[in-house]
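Topology and contacts: notes
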Amino acid sequence: MDRPGFFFCICPDAALLREYVEGELVASCRGDMPGVQVFWSDEGLDRRFWDKLTLIGMDGRARVLVVRGAEQLPAETWKRLSAALGTPRSGVLPVFCLEGAWEKGQPKLPAHIAKLKCLAFADKKQWVWRSAGIEARALGRYVQKQASAMGLSMTPEAVNTLSEMLIPDAFAVHNALEQLFLA
């Protein structure tokens, strides 16, 4: 994938979001994004965020700006963001994580976000990643994949037992596997 101008990640599972952003998204940008800076929407987007978004750095280094819980930002902030995203900036990749719940297989986005031109544009350019999270029926596969990534060898029975004990949440899976790894 060519490096996008901005990106939306829509998923209710915080651990899956982090996995995607730090793994696949940053790696798919041809490795030219050295650092990830995280901003939390409940703290508001202060001058530091806007400076990093709009000003060219003196060091010439590229940066990824991740806004977590972006669905909580007020409509006025989204209007300002949408206008700022209309100007492409090389070396800056803003990533907006919309972490609200899903209903009937679709993300439930606030109306002022669903109507944004920048979201429609991102959809058109395929600059959006959507995931409803880990489904209960896919939990075993996720457990096996993560166990293998950690170097744990698990029998199918052990994977099934662990899958029955855990909730379908990536953080819960990571914690359980880390405990097994340490044991």
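Our structure is the block above this text.
Let us look at the structure shown here. What you see is a predicted model; the values in this text were computed from it and never measured. Along every chain, residues carry numbers that run from 1 in the direction the sequence is written. Local features in this predicted model are restricted to residues whose pLDDT is 70 or higher, and side-chain atom pairs enter the listing and the counts only when it is 80 or higher, whereas totals over whole chains, interfaces and linings include all residues. Think of the side-chain values as coming from all heavy atoms in the structure, minus any hydrogens and water.

1. Here we look at a nonpolar patch on the surface
In plain terms, the rule: Exposure above 30% relative accessible area and the absence of a salt bridge qualify a residue for a patch, where like charges join within 9 Å and nonpolar side chains (Val, Leu, Ile, Met, Phe, Trp, Tyr) within 5 Å. In short, Shrake-Rupley with a 1.4 Å probe defines the accessible areas, and a residue's cover is counted only from the protein chains shown. The rule for a salt bridge is simple: a side-chain nitrogen of Lys or Arg has to be within 4 Å of a carboxyl oxygen of Asp or Glu. Put simply, DSSP H or I for four residues or longer makes a helix, DSSP E for two residues or longer makes a strand, and each gets a number counted from the N terminus. A 1.4 Å probe rolled over the protein chains alone gives each residue an accessible area, and that area as a share of the maximum for its type sets the label: buried under 20%, exposed over 50%, partly exposed in between.
A cluster of nonpolar side chains, V36, V38 and W40, forms an exposed patch at the surface whose accessible area comes to about 240 Å². By the element assignment, V38 lies in strand 2 (residues 35-40). The class of V38 is partly exposed, set by a relative accessible area of 38%.

2. What to know about the layout of surface pockets
Put simply, the rule reads: Definitions used throughout: a 1 Å grid over protein atoms alone; a cavity as a set of points that fits a 1.4 Å probe which cannot get out; a pocket as an open set with protein on both sides within 12 Å along at least five of seven lines; a lining residue as one with an atom within 4 Å of a point. Grid points are joined across faces, edges and corners, and a volume is the space filled by probe spheres set on the points. Under the scheme applied here, ten amino acids are nonpolar (Ala, Val, Leu, Ile, Met, Phe, Trp, Tyr, Cys and Pro), four are charged (Asp, Glu, Lys and Arg), and all others, including Gly, are polar.
Taken as a whole, the largest pocket holds about 200 Å³ of empty space. If you trace the largest pocket, you find it lined by L16, E19, Y20, G23, E24, W129, R141, Y142 and K145. Listing elements by their share of the lining of the largest pocket, those giving two or more residues are helix 1 (14-28) and helix 6 (139-150). For the lining of the largest pocket, the element with the most residues is helix 1, which contributes 5 residues. When its residues are assigned to classes, the lining of the largest pocket shows 4 nonpolar, 1 polar and 4 charged.

3. Quick look at unusual backbone geometry
With phi around 55°, K104 is a residue other than glycine that occupies positive phi space. Position of K104 among the secondary structure elements: in the loop between strand 5 (102-103) and strand 6 (106-107). By relative accessible area, which is 87% here, K104 ends up exposed. The backbone of Q126 shows a phi angle near 65°, a positive value even though the residue is not glycine. Note on placement: Q126 falls in the loop between helix 5 (117-125) and strand 7 (128-130).

4. Some words on the packing of aromatic side chains
Counted only if it meets this: A pair of Phe, Tyr and Trp rings is counted when the ring centres sit within 6.5 Å of each other, with Trp represented by its six-membered ring. The angle between the planes then sorts it: under 30 degrees is stacked, over 60 is edge-to-face, the rest tilted. Charge over a ring is defined by NZ of Lys or CZ of Arg lying within 6 Å of the ring centre and within 35 degrees of the ring normal.
Under the criterion given, the structure shown has 11 aromatic pairs. With centroids separated by 5.3 Å and ring planes inclined at 80°, the aromatic side chains of F49 and W50 adopt a geometry described as edge-to-face. Judged by its relative accessible area of 0%, F49 is buried. Judged by centre distance (5.3 Å) and plane angle (55°), the ring pair of W78 and F96 falls under tilted. Note that W78 is positioned in helix 3 (residues 75-85) and F96 in strand 4 (residues 92-98), a separation of 18 residues in sequence. By relative accessible area, W78 is classed as buried at 0%. An aromatic cluster of three or more residues is present, and its members are F6, F8, W78, F96, F121 and W127. Stacked on the ring of W50, the Lys or Arg R80 has its end atom at 3.9 Å from the ring centre.

5. Quick look at the pairing of strand 4
We count it as follows: If you view a crossover with the strands going away from you and the path from the first strand over the helix to the second runs clockwise, you call it right-handed.
Most of strand 4 is tucked away: 7 of the 7 residues are buried. Along strand 4, one buried face is formed by V92, P94, F96 and L98 and the opposite face, lined by L93, V95 and C97, is buried too. Regarding the hand of the β-α-β motif, the stretch spanning strand 3 (residues 63-68), helix 3 and strand 4 is right-handed.

6. Things to note about the sheet that holds strand 1 (residues 7-10)
Rules: DSSP calls a pair of strands paired once it identifies at least 2 bridges connecting them. Think of each axis as a best-fit line through the C-alpha atoms, taken over the contacting stretch in the case of a helix, with angles from 0 to 180 degrees between the N-to-C directions. Throughout, a residue-residue contact means that at least one pair of heavy atoms, one from each residue, lies within 4.5 Å.
Reading across the sheet, the 5 strands line up as 2-3-4-1-7 and stay open at both edges, with parallel pairing between neighbours. Each edge of the open sheet is held by one strand with a lone partner, namely strand 2 and strand 7. Strand after strand, the sheet turns through a mean of 20° between neighbouring axes, direction not considered. Summarising the sheet, strand 3 and strand 4 pair through 5 bridges and their orientation is parallel. Within strand 4, the residue paired with V66 across the bridge is V95. Sheet strands in contact with helix 3 are strand 1 and strand 4, and its direction is about 145° off that of strand 4.

7. Brief notes about the environment of K117
With respect to the helices and strands, the residue K117 is situated in helix 5. Residue class for K117 comes out exposed when judged on its relative accessible area of 71%. Separated by 102 residues in sequence, K117 and A15 have C-alpha atoms that sit 28 Å apart.

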